[in-house]
Amino acid sequence: MNFISTTFLVFLTLVFAVYWAIRRRRGQNLVLLVASYVFYSWWDWRFCGLLLISSLVDYGVGLGLGRTRATRARRLWLILSLVVNLVMLGFFKYFNFFAENFQQLLASFGLTVNTVTLRIVLPVGISFYTFQTLSYTIDVYRGRIKPTKSLLDYGTFVSFFPQLVAGPIERAPRLLPQFQSPRRFDAVEAREGCRFILWGCFKKVVIADSLATIVDPIYGSPEGAVGPQFLLATMCFAFQIYCDFSGYSDIAIGTGRLFGIRLVRNFAYPLFSQSPAEFWRRWHISLTTWFRDYVYIPLGGSRKSGARRAAAIIATFTLCGFWHGASWTFVVWGFVNALAVVPATLRLRRPRARVTERPAGSRLFPGPGVLLRVVATFSWVSLTLVLFRSPTFAQAGHIFAAMAGAMFDPETWAVTARYVLGGHEVYQPLYYLGVFIFVEWVQRGRMHALQLPRWPRPARWLLYSLLIWMIFKEGATPGNDFIYFQF
Amino acid sequence: MRPFLRDVFLFTAIQVAVYGGLIAAFYRPLPNHYLAATIDKHKRLESTKPPRMIFVGGSGVAFGIHSPAIADAFPAYRPVNMGLHGSLHLEYMLAEVEPKVRTGDVVVTVLEYPLLVDQHSQVVDGDFYAELLVYRPDAIGHYRWPHFKALLERGLWRFSHRAFTISLRIMRGKNPDQGHAPYTRDSFNAFGDVVAHLEMEPLDIRARPAFGGATSRAEVEEAVETINEFARVCRRRGATVLLGWGPYPEEQFRQAQTALRMIESVAREKLTIPVLYRVEDSVYPTDCFFDTAYHLNRRGGALHTARLIEAIRAALR
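Only a predicted model underlies this, so the values are computations on that prediction, with no experimental measurement involved. (Residues numbered from 1 in each chain as written. Chains lettered and ligands numbered in written order. Predicted model: local features only at pLDDT ≥ 70, side-chain atom pairs only at ≥ 80, totals over all residues.)

Participant: How should I be thinking about the overall build of chain A in this particular structure?
Facilitator: The helix and strand inventory of chain A stands at 19 helices and zero strands. Taking 2.2 N^0.38 as the reference for a compact globule, 487 residues should give roughly 23 Å; the C-alpha atoms of chain A span a radius of gyration of 23 Å, in line with that estimate. Considered along the principal axes of its C-alpha atoms, chain A spans approximately 70 × 70 × 50 Å. Buried positions account for 42% of the 487 residues belonging to chain A. Taking the contacts inside chain A whose residues are at least 6 apart along the sequence as the reference set, 73% of them involve residues at least 24 apart. (Helix = DSSP H or I, 4+ residues; strand = E, 2+ residues; numbered from the N terminus. Rg over C-alpha atoms; globule rule 2.2 N^0.38 Å. Buried ≥ 20, exposed ≤ 12 C-beta atoms within 10 Å, placed from the backbone. Contact = placed C-beta atoms within 7 Å.)

This is the structure we're talking about:
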């Protein structure tokens, strides 16, 4: 079930009504559990089997870990969880990738082998909930949390529908206790939830989907485009993927608030970061902190210095890239991002900006130094996204070459100017984008752009109505799925 | 919770009042919309006395059959072309005709292949099903779960936005866009054939591939059972049902022939009605098509109609 559909609106209204009609905690959890499985089965009911297996195995592993103190037994329980989850993820997401690469490797030695490739449908959200359940067993193993004895609470924690298919990836110590304690309706939270949902829908439907009308044709037929068009499309893609994914997260967070559940913040205005390292602290926070806690720190990254730390960063980022998709382009994307982060992490001359801090300082008009760093970081991030968006290295290479070659060719810039001014399907998304960047910049000290406590209610309602009108209008064209559904 | 619910209700009511009020005040169904042709088709079906020769199928039937030639070839029958759109799905196409079949009628189902593979595979964006209800409200009785799901996903949303846009134009005294020939109601002739495209320049259809995907035997058997059930009812009423294959472009036939032959073999094995000709008999050169692999142009339509006349004549002998 897609968030951007009338189906979801009806579904959410029904679940909300039933949920708050029940006063008891267990009953509320049961409503959420059933609703989550209905939500997930909307794509394909067979996917629910995987979700159930993952939940049952890790629930059982949690209980097993809770019953023994023997190191060897505890390690075996953890290995069971890791194997089941990673095999499931590996099979559905990476089987064909490994089979094809194995075949190519043998072919390079002159050996011809017919490996099996399967028509595997990637169950939506598997990368997200697998990581969530894994974090539970690892945290129980490490003694950070006690295992839950309630299968209902645990099942609700794993399958909670707002964040099931594209995060934020929650941690048990933060989310599970919320399902274990009674919830009372809080109107302030619910209103805030509605504002999160509205802003998330706006980002997805009005900004991301309209930018797709620029990005998709250029990346879809790269042979017909010139360098500056690639530059434009690439920068637009940076905003598209940000609005697409952070829009999803906002809707998830807002939906959670309607049920009295607080989900973790997933984006903190990353495109206003002043360095690649800061960008990665503000982008997809729930995933980057997952990799920090379960990959980077165990690799010794936090305790070592020099080469060991650099190696840990490179390994972590490369794995993070591979998590995004079964393709070498994602692996290299992760690797080049690591290269940009390593120097700053090794130097650490100034204290890190916290994600809760306003990015790029507090001034409305920043100094030239800040502006330069923001623009440079954004440019770097955009360029690396060529690897993320291109299906092959050949296409990425073609795009990089076209961008570099066209820098001093006035004719290609003239072609691009005509393209931009040629039709409203190009300049309208850019106009929307301009307004959006301004609003986000002004509001970057807040959790989201619709936090306007000083505005009187009529003005706020007028603004909400305007946003709803734009969503209604732009959403009436064929929509795109959320980009991160494919991961 | 009450203040929250009151505010949500009030805010929603304002939005609904603005949008809904405008639509209620100004929206009118577009008289020349392509789907409005369903009104004419049903009117002709109801007003034409039996024995009739009723053609059932998707838009391939609307674009590819020349009813005047059928009328000349079979003077005892009055042709009615019910073909409109493949997205209506097989069950719907048969169900809308079934109550109106009378003794002596001949129903010729000329089916595009996707209709036989998965009866709901042609489900398109839900606004199509919302739009159809404007012209044919009782169509809702033939909708199945995939159609309701499509309606709910974004169908009603997209349709209400279109209705809102139309209402705005009407409010400003402007004419709303009703579509372009041949996808308009006035592109049809009195029999229900699309004729506007006969005078238009055909497009190159090679970039628009025809059906040719993987096919499951069980799905074809399910479609065949639907046709058999329809034929049983028609037989009880004293009508005859025949099956012909929709047109297929020659250039793409080689790639798809395994799937098409499988469909044909299931049909010949399980169908209780005559199959008029072989799959390859309705394969035509690419330049016989108008704008998709389902829509024939003037030359293609003439060839296809001649093929049908010959086969129907043999079947009725």
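Participant: Got a minute to help me understand the interface of chain B and chain A in this structure?
Facilitator: Often, the extent of an interface is quoted as the loss of accessible area upon association of its parts. Tallying the contact residues gives 13 residues for chain B and 17 residues for chain A. When contributions to the side of chain B that touches chain A are tallied by element, the ones reaching two or more residues are helix H1 (2-26) and helix H8 (145-171) of chain B. The leading source of residues in the side of chain B that touches chain A is H8 of chain B, at seven residues. Residue composition of the side of chain B that touches chain A, grouped by class: seven nonpolar, two polar and four charged. (Nonpolar A, V, L, I, M, F, W, Y, C, P; charged D, E, K, R; others polar.)

Participant: Teacher, can you tell me more about the sheet that holds strand E4 (residues 240-245) of chain B here?
Facilitator: What holds strands together in a sheet is hydrogen bonding between their backbones, with the strands either parallel or antiparallel. All names here are of chain B. A sheet is described by the order of its strands in space; here four strands give the open sequence E2-E1-E3-E4, paired in parallel fashion. Because the sheet does not close on itself, it has two edges, and the strands there are strand E2 (78-81) and E4. Shown here is a sheet whose adjacent strand axes are inclined to one another by a mean of 20 degrees, direction ignored. Pairing of strand E1 (residues 52-56) with E2, which is carried by four bridges, proceeds in the parallel orientation. Within E2, the residue paired with Ile54 across the bridge is Val80. This element, helix H9 (residues 217-236), spans strand E3 (106-111) and E4 of the sheet and lies at about 150 degrees to E4. (Pairing = 2+ DSSP bridges. Axes fitted to C-alpha atoms, helices over the stretch in contact; angles between N-to-C directions.)

Participant: Please clarify how the pairing of E4 of chain B should be interpreted in this entry.
Facilitator: The two faces of the sheet receive side chains in turn, since in a regular strand these alternate between them. Residue and element names in this part refer to chain B. Where burial is concerned, most of E4 is hidden: six out of the six residues are buried. Residues Thr240, Leu242 and Gly244 line one face of E4 and the alternating positions Val241, Leu243 and Trp245 line the opposite face, and both faces are buried. Summarising the sheet, E3 and E4 pair through six bridges and their orientation is parallel. Of the residues in E4, the one forming a bridge with Val110 is Gly244.

Participant: Which parts of the structure should I look at to understand helix H2 (residues 37-47) of chain B?
Facilitator: Note: α-helices contain 3.6 residues per turn, so residues at a spacing of three or four share the same orientation. Residues and elements named next belong to chain B. Every buried residue of H2 is accounted for by Ala37, Thr38, Lys41 and Arg44. Buried residues of H2, seen end-on, are gathered within an arc of 125 degrees and therefore sit on one face of the element. Exposed and oriented more than 90 degrees from the buried face of H2 are Lys43, Glu46 and Ser47. Residues of H2 that are buried make contact with E2 and helix H7 (127-135). (Arc of directions from axis to C-beta.)

Participant: Honestly, the pairing of E3 of chain B in this entry has me stumped. Any pointers?
Facilitator: All names here are of chain B. Of all six residues making up E3, six are buried, and the element is well covered by its neighbours. Residues of E3 alternate between two faces, with Val106, Val108 and Val110 on one and Val107, Thr109 and Leu111 on the opposite face, all of them buried. Bridge count for E1 against E3 is four bridges, and the pairing is parallel. Among the inter-strand pairings, Ile54 is bridged to a residue of E3, identified as Val107.

Participant: Would you explain the environment of Thr316 of chain A in this entry?
Facilitator: All names here are of chain A. Mapped onto the fold, Thr316 is located in helix H13 (residues 307-324). Owing to 23 C-beta atoms within 10 Å, Thr316 belongs among the buried residues under this scheme. Along the backbone, Thr316 and Phe335 are 19 residues apart, and their C-alpha atoms lie at a distance of 8.9 Å. Contacts of Thr316, omitting those with residues within four sequence positions, involve Phe291, Val295, Tyr296, Leu299 and Gly301.

Participant: Quick question: what am I supposed to make of unusual backbone geometry here?
Facilitator: A negative phi angle is the norm for most residues apart from glycine, just as the trans form is the norm for most peptide bonds. Pro50 of chain B connects to Pro51 of chain B through a cis peptide bond whose omega is 0 degrees. Along the polypeptide, Pro51 of chain B turns up in the loop between H2 and E1. In this chain, Ala181 of chain B is followed by Pro182 of chain B through a cis amide linkage whose omega measures 5 degrees. Considering the arrangement of structural elements, one finds Pro182 of chain B in the loop between H8 and H9. Within the chain, Tyr269 of chain A stands out as a residue other than glycine whose phi angle is a positive 50 degrees. Its place among the elements puts Tyr269 of chain A in the loop between helix H10 (227-258) and helix H11 (276-282). Since 22 C-beta atoms lie within 10 Å of it, Tyr269 of chain A is described here as buried. Its identity as a non-glycine residue notwithstanding, His284 of chain A has a phi of 45 degrees, on the positive side. Assignment of secondary structure puts His284 of chain A in the loop between H11 and helix H12 (285-296).

Participant: Can you walk me through the nonpolar core in this structure?
Facilitator: Soluble globular proteins tend to pack their nonpolar side chains together in the buried interior. Judged by nonpolar contacts, the single largest core of 114 residues is most densely connected at Phe157, Leu211, Val215, Ala233, Cys236, Phe239 and Tyr248 of chain A. The leading source of residues in this core is helix H9 (residues 187-220) of chain A, at 17 residues. Beyond its immediate chain neighbours, meaning those up to four positions away, Val215 of chain A contacts Ala233, Cys236, Phe237 and Gln240 of chain A. If you look at the next biggest cluster of nonpolar residues, it comprises 82 residues, including Val61, Val101, Leu115 and Leu260 of chain B. (Core = buried A, V, L, I, M, F, W, Y, C linked by C-beta atoms within 7 Å.)

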